[in-house]
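# Structure at a glance
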Amino acid sequence: MSGREILVAGGGIGGLAVALALAQKGRKVRVLEKAAEFGEIGYGIQMGPNVARMLERLGVLGSLEPASVFPQALIFADALTNEELTRIALGDAFRARYGHRYFVIHRRDLHGGLLEACKQRSEIVLESSRGLKSFTQTGDTVTVTCEDGAAYEGAALIGADGLWSPIRQAVIGDGAPRMAGHYVYRGVVPDEQIVDRSRINTMTIWGGPDLHMVQYRLQGGAVMNNVATIASRRFRRGEQDAGAPDELEEIFARAHPGVRDNLRYVSRERNWVLHDRDPATNWTSGSVTLLGDAAHPTLQYLAQGAQMAIEDGVVLAEKVAAAGEDYNRAFMAYQRERMNRSARVVLSSRFFGEFIHVDGGARELRNALARGRDPDDPWEVDWLYKGIDVNGRL
Ligand SMILES: Cc1cc2nc3c(=O)[nH]c(=O)nc-3n(C[C@H](O)[C@H](O)[C@H](O)COP(=O)(O)OP(=O)(O)OC[C@H]3O[C@@H](n4cnc5c(N)ncnc54)[C@H](O)[C@@H]3O)c2cc1C
């Protein structure tokens, strides 16, 4: 163990990943989490081979395997006709190309695996109910004050405090994130409740006018994760009740009955309002930097937000290890390496969000392009799944 403590604000997937990566480099880390307990919400998350490689480096991939599901294919289907338009097979050729498998996992299992690994490291201190309120930098010391008055000094501070990061406001000051006008309803139900079992071993996305549905199984196939998203017309018109459950029904009314039927599996009790931000050009101020959603929040259309946060963590730790006690140098090198890749995810996710939700002639074109694509040439995702080496190849 070397040096003074590095403070991490936020104990989500990104905060735990960077804590673990820094501990592997022998650094002392204190994770300050606002919530009363370290945890995650109860839905699924997709993990590509790019992040599997990172999880392997962090030493947790093996422990996640029993809770993971390895779908046979990623399928894109038309939500109005239920026609399969294209697929990416996730078998041996995929694994040979990318070196790892694609898997899906319950968020609690992923977060729990990272948390357990953090608990095993003597370098890491985990503190809950410690919401960061403010921080100051003097010389080579960062002082953090928490909402409950507790104060900590460290050599550096990493803001892994999510979409609404107060640290981002101190570093960049760009205000609230951008509302996309997309609303998400989710549900995890026992597998035996699923009526249409024709694509049960796949990760399927149905895209339609202002809507899409995602389905994949979790926890060894015991449960099915269902996600229904709408691009709210009420939001675009500036009306009240944008994204409300009745708009969900309204927009899905045009979907094929077999697709619409999946709405029975999503809860109406809560929805998630999607946000992102335009890519920033600087996340670092002195010995303070940002990571994960605090740095580059993205829409979910490439399913890469958490994966980028984990990649961030691995790269950041590499740069810290290379820069000794010069955290500004380490953080500048880290952001330089992460900026274009994460910006590409943010902007490509916006594009795919449009591409999935089109109607009319644009839908005809989308379907023709999807049907015509070479299933053995995954150019759209190749740059992503090939991932990074630690020197940050794009
Ligand atoms: C519908 C949907 C589906 C998605 N699907 C995928 C997917 O399949 N694959 C994928 O990779 N990504 C996916 N994402 C994105 C992913 O959920 C996020 O990118 C990821 O969780 C970001 O992790 P994070 O650790 O940066 O932030 P968060 O998960 O937001 O964690 C931030 C943590 O900081 C804490 N915190 C907040 N404020 C403070 C403070 N002041 N002080 C201390 N702690 C604080 C919070 O309590 C929280 O624990 C999806 C997102 C959505 C909305």
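Above this text sits the structure in question.
Described in the following lines is the structure provided in the data block. (Residues numbered from 1 in each chain as written. Predicted model: local features only at pLDDT ≥ 70, side-chain atom pairs only at ≥ 80, totals over all residues. Heavy atoms only, no water.)

### A look at the overall build of the protein
Spelled out, the test is: Runs of H or I in DSSP of at least four residues are treated as helices and runs of E of at least two as strands, each being numbered from the N terminus. Radius of gyration here is computed from C-alpha atoms only, and the compact-globule reference equals 2.2 Å multiplied by the residue count raised to the power 0.38. Any pair of residues with heavy atoms lying within 4.5 Å of one another is described as a contacting pair. Per-residue accessibility takes into account occlusion by the displayed protein chains alone, with areas from the Shrake-Rupley method and a 1.4 Å probe. His is not counted, nor are the chain ends, whereas Lys and Arg count as positive and Asp and Glu as negative. For this purpose, a charge sits on NZ of Lys, CZ of Arg, CG of Asp or CD of Glu.
A tally of helices and strands in the protein yields 13 helices and 17 strands. Whereas a compact globule of 394 residues would reach a radius of gyration of roughly 21 Å, the protein reaches 21 Å, a difference of no more than 12%. Seen through its principal axes, the protein has C-alpha atoms that stretch 60 × 50 × 35 Å. Here the contacts in the protein between residues at least 6 apart in sequence split such that 73% fall between residues at least 24 apart. Total accessible area on the protein is roughly 15800 Å²; 49% of this is exposed by carbon and sulfur atoms. Of the charged side chains in the protein, 47 are positive and 50 negative; the average position of the first set lies 2 Å away from that of the second.

### Re helix H12 (residues 360-372)
One turn of the α-helix equals 3.6 residues, which is why residues spaced by three or four share an orientation. In plain terms, the rule: Helices are assigned an expected span. That span is 1.5 Å times one less than the residue count. Partly exposed residues are those whose accessible area sits between 20% and 50% of the maximum for their type, while under 20% is buried and over 50% is exposed, using a 1.4 Å probe and protein chains only. Working definition: the arc comes from the directions between the helix axis and the C-beta atoms, pointing outward to the latter.
Over its 13 residues, H12 extends 18 Å from the first C-alpha to the last, a length consistent with the 18 Å expected when each residue adds 1.5 Å. Residues of H12 that are buried: Arg363, Arg366, Asn367 and Ala370. For H12, the angular spread of the buried residues around the axis is 95°, confining them to a single face. Looking at H12, the residues exposed on the side facing more than 90 degrees away from the buried face are Gly361, Leu365 and Gly372. Residues of H12 that are buried in the fold lie against strand S4 (73-78), strand S5 (84-89), strand S13 (203-208) and helix H11 (327-356).

### Observations regarding the pairing of strand S2 (residues 27-32)
Defined as follows: For two strands to count as paired, DSSP must find a minimum of two bridges between them.
Within S2, five of the six residues are buried, which leaves the element mostly enclosed by the surrounding structure. In terms of strand pairing, S2 meets strand S7 (residues 124-127) through four bridges, oriented parallel. Looking across to S7, one finds that Val31 is bridged to Leu126.

### Quick look at the packing of helix H2 (residues 49-57) against helix H10 (residues 305-323)
Formally: Here, axes are lines fitted to C-alpha atoms. For helices the fit covers the stretch in contact, and angles between N-to-C directions go from 0 to 180 degrees. When an angle is under 35 degrees it counts as roughly parallel; over 145 it counts as roughly antiparallel; between 65 and 115 it counts as roughly perpendicular; any other value is oblique. Should the near helix be turned anticlockwise from the far one by less than a right angle, the crossing is termed left-handed; should it be turned clockwise, right-handed. Three classes are used: nonpolar for Ala, Val, Leu, Ile, Met, Phe, Trp, Tyr, Cys and Pro, charged for Asp, Glu, Lys and Arg, and polar for all others, with Gly counted as polar.
Between H2 and H10, the least distance of the axes is 9 Å, while the angle of their chain directions is 45°. On the basis of their axis angle, the class for H2 and H10 is oblique. For H2 against H10, the interelement crossing comes out left-handed. Only Gln307, Met308, Ile310, Glu311, Val314 and Glu318 of H10 make contact with H2, whose side of the interface consists of Asn50, Val51, Met54, Leu55 and Arg57. Here the contact of H2 with H10 is composed, by residue class, of six nonpolar, two polar and three charged.

### What to know about the site of the ligand
What counts is decided by this rule: Whether a residue is near a molecule or strand depends on its heavy atoms: if one lies within 4 Å, it is near. Here a polar contact means two N or O atoms within 3.5 Å. Within protein one must be a hydrogen donor candidate and the other an acceptor candidate, and residues neighboring in sequence count only if both atoms are side-chain atoms.
Surrounding the ligand, one finds 29 residues, the nearest of these being Gly14, Glu33, Gln46, Leu132 and Asp293. Separating a nitrogen atom of the ligand from a backbone N or O atom of Leu132 is a distance of 2.8 Å. Contact distances for the ligand include 2.9 Å between a nitrogen atom and a backbone N or O atom of Ala303. Taking 1000 Å² as the accessible area of the ligand by itself, protein coverage stands at 84%. Sorting the residues of the shell around the ligand by element identifies helix H1 (13-24), strand S3 (44-47), strand S12 (178-190) and H10 as the ones contributing at least two each.

### Description of H11
Stated formally: Fitting one axis to the seven residues ending at a residue and another to the seven starting there, the bend at that residue is the angle between the two axes.
Helix length check: H11, at 30 residues, gives a terminal C-alpha distance of 41 Å against a target of 44 Å (1.5 Å per residue), a fit within 8%. The largest bend along H11 measures about 35° and falls at Met339.

### Notes on the sheet that holds strand S8 (residues 132-138)
With respect to topology, three strands assemble into an open sheet ordered S8-S9-S10, the strand pairing being antiparallel. Both outer strands of the open sheet, S8 and strand S10 (151-154), are each paired with one neighbouring strand and no more. The mean inter-strand angle of the sheet, taken between neighbouring strand axes irrespective of direction, is 20°. Strand direction decides the pairing type here: strand S9 (residues 141-146) and S10, joined by four bridges, are antiparallel.

### A look at the packing of aromatic side chains
The test is simple: What counts as a ring pair is set by centres within 6.5 Å for rings of Phe, Tyr and Trp (its six-membered ring), and what kind of pair is set by the plane angle: stacked under 30 degrees, edge-to-face over 60, tilted for all other angles. A ring is scored as having a charge over it whenever the NZ atom of a lysine or the CZ atom of an arginine sits within 6 Å of its centre and within 35 degrees of its normal.
Evaluation of the coordinates by the stated rule reveals 11 aromatic pairs. Pairing Phe351 with Phe352 gives two aromatic rings, centres 5.4 Å apart and planes at 75°, and the pair type is edge-to-face. Each member of the aromatic cluster is reached from another via a ring pair, and the members are Phe94, Tyr98, Tyr102 and Tyr385. One residue, Arg344, lies across the ring of Trp383, its end atom 4.1 Å from the ring centre.

### Brief notes about the nonpolar core
Spelled out, the test is: Only buried residues count toward a nonpolar core. Its members are Ala, Val, Leu, Ile, Met, Phe, Trp, Tyr and Cys residues joined through side-chain atoms within 4.5 Å.
One finds Leu55 and Leu157 to be the most contacted residues of the largest nonpolar core, which totals 70 residues. Ranked by the residues each element gives to this core, the list is headed by H1, at nine residues. By size, the runner-up hydrophobic cluster in this structure holds 34 residues, among which are Leu85, Met203, Ile205 and Trp383.

None of this, on its own, says anything about what the molecule does.
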